[in-house]
Structures are given as C-alpha cells and as structure tokens.
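# Inside the fold
Each chain, written out:
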Amino acid sequence: MSSKHYSAGIAARLGRLSAAALLVAGTAVGAVSPNWWVDIKNDRVDSVKTELALGEDPNVKSADGEPAIMQAIRDQAWGVYDLLSRHRALDVNITNKNNETPLMYLAIVGDVERSKALIARGAQVNRLGWTPLHYAASKGQVKMVNFLMANKALVDAPSPDGTTPLMMAAFSGSEDTVRALLDAGAEVTTQNLSKLDAADWARNKNFTSLADRLDALIDNTLAQRYGRQGGPAAAVARPVAPIAPQVQAPRAPSAPSPTLASDPNAPTLASDPNQTPEAGSTSRYFDLDRFERQDN
C-alpha cells in the first residue's frame, strides 16, 4: 500500500472516530431530537422509535424537568408510553422536579394494567414522601387503590407532612375508596402535622355527609380505644352511619382549591404545576388539576 493510500485511510478512520465522539458528546449533554417532544405529544410512535434507534435517551427530561415517559402520560400518548416503557434503558423510577414517578402518574389516571407492567420492571410501590397510593386515593381510583394494596402498598404511608392515603380518599369524596382503605386497616384517627384528620379533609371539600360519618367513626374508635381502659375518653360516641357504595368522585375544578386551614404550614393545592415540595416537616400537595387542564 502506498503512503498516500495509507494516509487517506488513517484520515478516514479519524473522521469516523470524530463523528462518533460528537454523537456521544451530544447524547451525554442530553440533546434531544428537534421533533422529540412534538412527536410525543402527537403520539407518533414510529417517529419516536426512529429517534430512539438513532441514539435518543429514553430518560431525557424536558426543559420543565418532565421525563419523556411521564410527559407521554400527561399527553395521553399511550402508544409512545408503551414504547418507552419497554425500552431496556428506561429508568422506571425516574422522577420529575416534584419528585413524582411514572407509577404515581399512572396511579392518578387509574391505569392498572400499565401499572402492573411497570411494577414488574421494578417500579417502586412504596417510597419516602408522597406515594402512588396517595395519588390513586386523591382521585378516588378505587381499582388502583386495591391493586396497589395487593402489591404491598403501605395503607397508612405518611407524606412529608403526615397526610395519609385515607385523608386523600376523603378529599376526593369517593366513599368506595374510603371504604377500601378502612377495610384494609387504615387508621381513621390519624392527624397530619396541621392537625387535620380524614374528616377534616372531606369537610374542607364540602363532602359534609362523608365528613360526619368519618367524625363518628373517629369518636367511636377513640372511645373504644381509651374509654374502656380508663384513659382519656373521647367525645361521646355517635352511631356510625354506613358509608354508601357507588358514590362517584367529583370532577376536579379547573381552578386551584383554597388552602385547607388557616395555618400557614397547612398543605395546599399548588397553583404552580411545577411547585416543588417544600423541605422539612411540611410539604405542599401536588397539583390535582394538571391532568384536566386544556393547556396540558
């Protein structure tokens, strides 16, 4: 081989190596294909498949910190979701800036079958802070609540401010969901750090009948627990009215709900969908309305 041909071969190989290095560097800094987010929003499965084949990272996050698979849920782009959920490099416990996971999003929309597949891949049912069970309960997704509990979800899991799934079920107004959690052993007397119990959460959303029955159940529970043992007796127990089945949870309003208590540390519905939970003993509640807004 002549020195001229040898030099040309070296130059060609160096050129290929340089191109490969640029490709790797582009992936490392999280660069995305120009149409990636548009393709997700419009559920263009073939386009997303091509972009993945060309080296797109399935774990890439948007400028707002939303992982691609969670954006697909928000966009109801289920074809793209299914594609991403099967990708071998997907982090099934990836979080957004609010420390939410894909399973938490599936819980809030009540998709049991996709949750089952994600859990099979290692998605965490139990975690510190808000959990998928909180999210399912907050929307009255009783089938999802039962599914998560069947997969060892902690029925009384506390959020950072002590709010439990039962409180979230009461907040949703879904009596079926409240009953499912109580039947699984949820502690009805628990209060969060703002001294709110499940009855308070129901009453602050004007589910008065449900709140009254939860109050009665709390009174009876405390009376039985302490009154018979000579301890501090609760208020005189009232008859517990049965929780009626088949009551549908209301559609969440488009406007953010008001603060649930006058205490400045009381949990609120964040008006900003990008609100990050506060550190410390209290936290802001996630934005329940984001899945029903037209601009999402």
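Bear in mind the structure is a predicted one, so any value in this text is a computation, not a measurement.

With that settled, consider the UniProt feature "repeat: ANK" (unreviewed entry) in the chain. The UniProt record marks residues 128-160 and 161-193 with the feature "repeat: ANK" (unreviewed entry), using the residue numbering of this structure. For residues 128-160, the helix share is 48%, the strand share is 0%, and the end-to-end C-alpha distance is 8 Å. Here residues 161-193 runs as 52% helix and 0% strand, with 5 Å between its end C-alpha atoms.

A separate point is the nonpolar core. Of all hydrophobic cores here, the largest spans 62 residues; its most connected members are W36, L148, L166, L181 and L214. When residues no more than four places from it in sequence are discounted, the contact partners of L181 are L133, A137, V145, M149, V155, P165, L166, A169 and A186.

Okay, the confidence of the model for the chain next. When pLDDT is averaged across the chain, the result is 77; 66% of the residues are at 70 or more. Across residues 13-31 the pLDDT falls below 50, and counting only partners more than four positions away or on other chains, this stretch makes five contacts in the model.

Time to look at the packing of helix α9 (residues 142-150) against helix α11 (residues 175-183). Relative orientation of the contacting elements α9 and α11 amounts to 15 degrees, with a least axis distance of 9 Å. One element, α9, and the other, α11, form an angle in the roughly parallel class. The element α9 and its partner α11 pack so that their crossing is right-handed. Of α11, the residues touching α9 (which contributes V142, V145, N146 and M149) are D176, T177, A180 and L181. Looking at the contact of α9 with α11 residue by residue, the class counts come to five nonpolar, two polar and one charged.

Here the focus is the pattern of salt bridges. Here the idea is simple: oppositely charged side chains can pair when their charged atoms come close. According to the stated counting rule, one finds nine salt bridges in the structure shown. With its nearest N and O atoms 2.7 Å apart, the salt bridge here joins D215 to R203. Linking D215 in helix α13 (residues 208-226) with R203 in helix α12 (residues 198-203), this pair joins segments that are 12 residues apart in sequence. Its relative accessible area of 19% is what places D215 among the buried residues. Assessed through its relative accessible area of 30%, R203 is described here as partly exposed.

Once that is clear, we can look at the packing of aromatic side chains. In the structure shown here, the tally under the stated rule is three aromatic pairs. Pairing W36 with W37 gives two aromatic rings, centres 6.5 Å apart and planes at 80 degrees, and the pair type is edge-to-face. Measuring from ring centre to ring centre gives 5.7 Å for F171 and W201, while their planes differ by 75 degrees; the resulting arrangement is edge-to-face. Note that F171 is positioned in helix α10 (residues 165-172) and W201 in helix α12, a separation of 30 residues in sequence. A relative accessible area of 5% places F171 in the buried class. W201 gets classed as buried once you look at its relative accessible area, which sits at 1%.

Let us look at the packing of helix α3 (residues 45-53) against helix α5 (residues 78-85). Relative orientation of the contacting elements α3 and α5 amounts to 30 degrees, with a least axis distance of 9 Å. Judged by the angle between their axes, α3 and α5 are roughly parallel. By crossing handedness, the relation of α3 to α5 is classed as right-handed. Residues V45, V48, K49 and L52 of α3 pack against G79, V80, L83 and L84 of α5. Partitioning the contact of α3 with α5 into residue classes produces six nonpolar, one polar and one charged.

This part is about helix α7 (residues 112-120). Within α7, the full set of buried residues consists of V112, S115, L118 and I119. Down the axis of α7, the sector holding all buried residues measures 120 degrees, keeping them to one side. Those residues of α7 that are exposed and angled more than 90 degrees off the buried face are E113 and A120. In this fold, the buried residues of α7 make contact with α5, α6 (102-109) and α9. Trailing α7 by a residue or two, G122 shows a phi angle of about 110 degrees, which is positive.

The next thing to look at is the side chain of E66. Mapped onto the secondary structure, E66 falls in the loop between α3 and α4 (68-74). Residue E66 is classed as buried on the basis of its relative accessible area, which comes to 4%. Those residues in contact with E66 that sit more than four places away from it in its chain are W37, V60, K61, Q71, R74, N96 and Y105.

The end-to-end C-alpha distance of α13 is 27 Å, a good match for the 27 Å that 19 residues give at a rise of 1.5 Å each. Of all the positions in α13, only L210, A211, R213, L214, D215, A216, I218, D219, N220 and T221 are classed as buried. If you follow the buried residues of α13, they end up packed against α10, α11 and α12.

Relative to the elements of secondary structure, A170 occurs in helix α10. Sequence separation between A170 and A198 is 28 residues, and the spatial gap between their C-alpha atoms is 5.8 Å. Apart from residues lying up to four places away in sequence, A170 is in contact with V178, A198, W201, A202, F207, L210 and L214.

About the thresholds
For every chain, the first residue of its written sequence is number 1, and the numbers climb from 1 along that sequence. Under the rules for a predicted model, residues below a pLDDT of 70 receive no local features and side-chain atom pairs below 80 are neither given nor counted, while totals for whole chains, interfaces and linings still include all residues. Calculated side-chain values reflect all of the structure's heavy atoms, with hydrogen atoms and water omitted. UniProt positions are given in the numbering used here, feature names are shortened, and annotations may be inferred rather than shown by experiment. Strands are runs of DSSP state E lasting at least two residues, helices are runs of H or I lasting at least four, and both sets are numbered from the N terminus onward. Working definition of a nonpolar core: buried Ala, Val, Leu, Ile, Met, Phe, Trp, Tyr and Cys residues. They are joined through side-chain atoms within 4.5 Å. A 1.4 Å probe rolled over the protein chains alone gives each residue an accessible area, and that area as a share of the maximum for its type sets the label: buried under 20%, exposed over 50%, partly exposed in between. It only takes one pair of heavy atoms within 4.5 Å for two residues to be counted as in contact. In predicted models, pLDDT denotes the confidence assigned by the predictor to each residue on a 0 to 100 scale. Angles here are taken between N-to-C directions and fall from 0 to 180 degrees, while the axes themselves are lines fitted to C-alpha atoms, restricted in helices to the stretch in contact. Angle categories: roughly parallel below 35 degrees, roughly antiparallel above 145, roughly perpendicular from 65 to 115, and oblique for all the rest. In this scheme, a crossing is called left-handed if the near helix is turned counterclockwise away from the far one by less than a right angle; it is called right-handed if the turn is clockwise. Here the nonpolar group is Ala, Val, Leu, Ile, Met, Phe, Trp, Tyr, Cys and Pro; Asp, Glu, Lys and Arg are the charged ones; every other residue, Gly included, is treated as polar. Just to be clear on terms, a salt bridge is a Lys or Arg side-chain nitrogen sitting within 4 Å of an Asp or Glu carboxyl oxygen. Pairing of aromatic side chains here covers Phe, Tyr and the six-membered ring of Trp, requires ring centres within 6.5 Å, and sorts the geometry by plane angle: under 30 degrees stacked, over 60 edge-to-face, intermediate tilted. This arc is taken over the directions from the axis of the helix to the C-beta atoms. Take the number of residues in a helix, subtract one, and multiply by 1.5 Å to get its expected span.

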